[in-house]
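# Per-entry structural report
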Amino acid sequence: MPSPLWHIGGMGGPGAGGVQVVQGVCPHDCPDTCALHVGVQDGRIVRVAGDPGHPPTHGALCTKVSRYAERVYHPDRVLTPLRRVGAKGRGRFEPVGWDEALDAIAERLRAVAARDPEAIVPYSYAGTMGLVQGEGMAARFFHRLGASLLDRTICASAGGDALAATYGGKVGMHVEHFAESRLILIWGSNPITSSVHFWNYAQQAKRAGARLVCIDPRRTETADKCHQHLALLPGTDGALALALMHELVLHDWVDHDYLGRHVDGWEALRARALQWPPERAAAVCGLTVGEVRGLAREYGTTRPAAIRLNYGMQRVRGGGNAVRLIALLPCLVGAWRHRAGGLLLSSSGWFRGARRDAWLQRPDLLGARLPRTINMSTIGDALLHPGGGGFGPRVEAVVVYNSNPVAVAPESAKVAAGFARDDLFTVVLEHFLTDTADHADFVLPATMQPEHWDAHGAYGHVYAMLNRPAIAPCGQARSNAEIFRQLAVRMGFTEPCFADSDEAMALGAYDPSRVDLAALRGRGWTRLPVDAAPFAEGGFPTVDGRVVVDAPGLGVPDHVPNYESVHSAPELARRYPLAMISPPARHFLNSTFVNVPSLRAAEREPLVELHPDDAAARGIADGAAVRVFNDRGVYHCTAAVSSRARPGVVNGLGIWWRKLGRAGTNVNELTHQRLTDIGRAPAFYDCLVEVELDRVAA
Ligand SMILES: Nc1nc2c(c(=O)[nH]1)N[C@H]1C(S)=C(S)[C@@H](COP(=O)(O)OP(=O)(O)OC[C@H]3O[C@@H](n4cnc5c(=O)[nH]c(N)nc54)[C@H](O)[C@@H]3O)O[C@H]1N2
Ligand SMILES: Nc1nc2c(c(=O)[nH]1)N[C@H]1C(S)=C(S)[C@@H](COP(=O)(O)OP(=O)(O)OC[C@H]3O[C@@H](n4cnc5c(=O)[nH]c(N)nc54)[C@H](O)[C@@H]3O)O[C@H]1N2
Ligand code: SF4
Ligand SMILES: [Mo]
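One structure accompanies this document, and this report is about it. (Residues numbered from 1 in each chain as written. Chains lettered and ligands numbered in written order. Predicted model: local features only at pLDDT ≥ 70, side-chain atom pairs only at ≥ 80, totals over all residues. Heavy atoms only, no water.)

## Points about the packing of aromatic side chains
Throughout the structure, instances matching the rule amount to 21 aromatic pairs. Here Tyr 401 and Phe 484 contribute two aromatic rings whose centre-to-centre distance is 5.3 Å and whose plane-to-plane angle is 70 degrees, an arrangement assigned as edge-to-face. With a gap of 83 residues between them, Tyr 401 in strand 15 (residues 397-401) and Phe 484 in helix 19 (residues 480-491) connect regions that are remote in the sequence. No difference in accessibility class separates Tyr 401 from Phe 484, as the two residues are buried. Taken together, the ring pairs connect Phe 141, Phe 142, Tyr 401, Phe 484, Phe 493 and Phe 498 into an aromatic cluster. Positioned above the aromatic ring of Tyr 73, the side-chain terminus of Arg 44 is 3.8 Å from the ring centre. (Phe/Tyr/Trp six-rings, centres within 6.5 Å; stacked < 30°, edge-to-face > 60°. Helix = DSSP H or I, 4+ residues; strand = E, 2+ residues; numbered from the N terminus. Buried < 20%, exposed > 50% of the residue type's maximum accessible area, 1.4 Å probe, protein only. Lys NZ or Arg CZ within 6 Å of the ring centre and 35° of its normal.)

## Points about unusual backbone geometry
In this structure, the amide linkage connecting Arg 303 to the following residue, Pro 304, adopts the cis form with an omega of -15 degrees. Mapped onto the secondary structure, Pro 304 falls in the loop between helix 13 (289-301) and strand 12 (305-309). For Asp 252, which is not a glycine, the phi torsion comes out positive at approximately 55 degrees. Along the chain, the position of Asp 252 falls in the loop between helix 9 (237-250) and helix 10 (256-262). Classification of Asp 252 as partly exposed rests on a relative accessible area of 46%. Positive phi, close to 55 degrees, is recorded for Asn 590, a residue that is not glycine. One can find Asn 590 in the loop between strand 22 (578-581) and helix 23 (597-603).

## Describing the sheet that holds strand 18 (residues 454-456)
Pairing between sheet strands relies on hydrogen bonds along the backbone, with the strands arranged either parallel or antiparallel. Spatial ordering of the open sheet is given by 18-19-20, a layout of three strands whose pairing is antiparallel. Since the sheet does not close on itself, it has two edges, and those belong to strand 18 and strand 20 (525-527), each with one partner. Within this sheet the neighbouring strands show an average axis-to-axis angle of 10 degrees, counted without direction. For strand 18 and strand 19 (residues 463-467), the ladder comprises three bridges, and the chain directions are antiparallel. Paired with His 456 across the two strands is Met 465, which belongs to strand 19. (Pairing = 2+ DSSP bridges. Axes fitted to C-alpha atoms, helices over the stretch in contact; angles between N-to-C directions.)

## Focus: the pattern of salt bridges
As enumerated under the stated definition, the model contains 45 salt bridges in all. For Arg 490, the salt bridge goes to Asp 99, with nearest N and O atoms at 2.8 Å. With a gap of 391 residues between them, Arg 490 in helix 19 and Asp 99 in helix 3 (residues 98-115) connect regions that are remote in the sequence. Where Glu 298 meets Arg 211, a salt bridge forms, and the shortest distance between an N and an O atom there is 2.5 Å. Of the two residues, Glu 298 sits in helix 13 while Arg 211 sits in strand 9 (residues 211-215), which places them 87 residues apart along the sequence. A residue is classified by how much of its surface remains accessible, and Arg 211, at 30% relative accessible area, is partly exposed. (Salt bridge = Lys/Arg side-chain N within 4 Å of Asp/Glu carboxyl O.)

Structure representation (structure tokens):
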């Protein structure tokens, strides 16, 4: 046990004696970042519940995490270090001791580093969002080593960079204040699946008479519960935003005072908007002119109006420009004047300056070295690159933690081929034998959140959070930080920072002059001091406090069409006429939880949703085995014929583990590695396919 339990009282009721409650944080990549109460009895987790005191959590968790004990005590959990015995990718391993594994790994990394440390690549994302077990000790390790840097673009960098180019940072409304909005646009977001605590506030607003509009190609569970659903074509959000601006200008539903004082470049934006009458946008978006005009009227005449934008709409070529345009809408109507008006895409920028990033990650350990940067979104191409040219050395070693690239990265045939390279040395820190771990030379058993210390920020609220360990690590699991600490010793790194404990890093993650550390340590969370209506008087975190329209190097935002669509690639669309999006499944979190039986049962099987007309045209009945295909690959799954799909668009839900899917495939067989206009991110939802009956499976 790394630290004593922190007892905050019994779980109440007779028979509950002996249950201790430990304050924790949900580590997963979800905007809600819930405060957890982990109930422990006799050293085992007996219950995981939401902290009733933490305002956004409000005592409730999603299904996935309320069943967390199933994941912690899963019989397939990796509990000892493993060494590969079979061919790469077969997933055959033998247990080895920690010392043997760490010695062998350090020896190999030292040998590669002696030739060129940039031939070593860390690969990680947000399996845990923790500041310690994420890019904490690991970052110190790779900085000291001089390994390649990783551009962490796989999720949010198109929208994030776009927001920063416009507002100066990833900042926006407080999630709590949506409860007071009169109109909420839920735009590229399915909160019933991916952000249930925001949805709670949206429902409060609805009960108080607010109108909810969902803008999403898919008729999601959220769309069902909104007053209106606009099922636009994927990647056309920028065109819709411009037409809304056109109407705002035409009817003078514009807050000239706010624009004049707080926005730079309004004239140029106005000129751009006037090029987008509703007729033009409706044709591009696949909406009616009435739908576009109606939305503009509501947005122009309702106060306060709020936009919950989410990352679903920026996974296309023009995702960055679309976010810039949508982020300008609240400035046109002066929505920021009210705390229940404005926009929320991410709140993570409010943590900048409060977190001690330089201390946690120690980029100074690079010294004068500036290693090359590998984009995680094109890891397939990077692993298959022979080296040389502008690329630098061929990748010889990869250390994966907090991510499952073989399942989640685009164009997975290339990713899998890359990881299958016999000459590549691969170490994977994991809880389970994922598709990626199957390709490892060594798999190292990592602790889960109730077994280690961590500190967290959030991207959907503004509370700093602290996670305490509730139980001792299962089996021989060690925390990511502990594993990198021990590797550092074997690499001969003697800087004192490699001796910092997990606990010291978690407790030191926040700047005491910015964050109430006593509250953080006491109840496990504390709110950052962010104004209720932060931009009522302007004051955006740009250089001069004004919103930017004409951003340096980016110009005035415009609609950027998809790489792959009927309009932009007619020749391709003749062969592959259906646009495919692949949004999150409700019971998975990316590829996490796919191996938890009760959650997998709830998702049933890998599905592609097709509109009844598209299905009928192909002789496909509901429940039929189908192949979804394009030039990049084939995804074998089951057809769900349903009006959740709009005509011309199919929905390949969730990120299944390939080995738990059909014929070892998942939806990323079909996606490509071309990048977004801003932020170097993948365009997962910018993808043409065809669907046909799977004669082999049938
Ligand atoms: N249960 C569950 N929760 C999750 C996740 C999960 O996998 N499962 N993933 C987590 C992660 S990593 C993230 S980044 C967050 C947010 O993840 P997001 O990807 O934002 O996910 P969603 O909120 O589900 O919303 C995406 C919605 O955008 C829609 N969409 C797709 N293309 C377009 C488009 O071109 N325009 C518009 N307007 N809409 C489009 C999709 O149909 C979907 O309903 O959610 C997190 N929460
Ligand atoms: N087609 C398609 N592809 C997508 C998306 C999509 O919508 N469509 N969404 C994209 C998005 S938004 C994202 S964010 C990425 C997500 O991609 P990833 O960040 O790879 O997310 P996960 O698939 O959840 O995998 C996280 C892994 O980290 C492991 N893990 C969790 N905690 C720890 C820990 O403490 N230590 C260690 N060592 N391991 C841990 C988990 O067991 C899990 O296997 O996928 C992207 N891929
Ligand atoms: S996945 Fe999201 S909603 Fe579920 S417990 Fe974690 S933070 Fe809360
Ligand atoms: Mo994500």
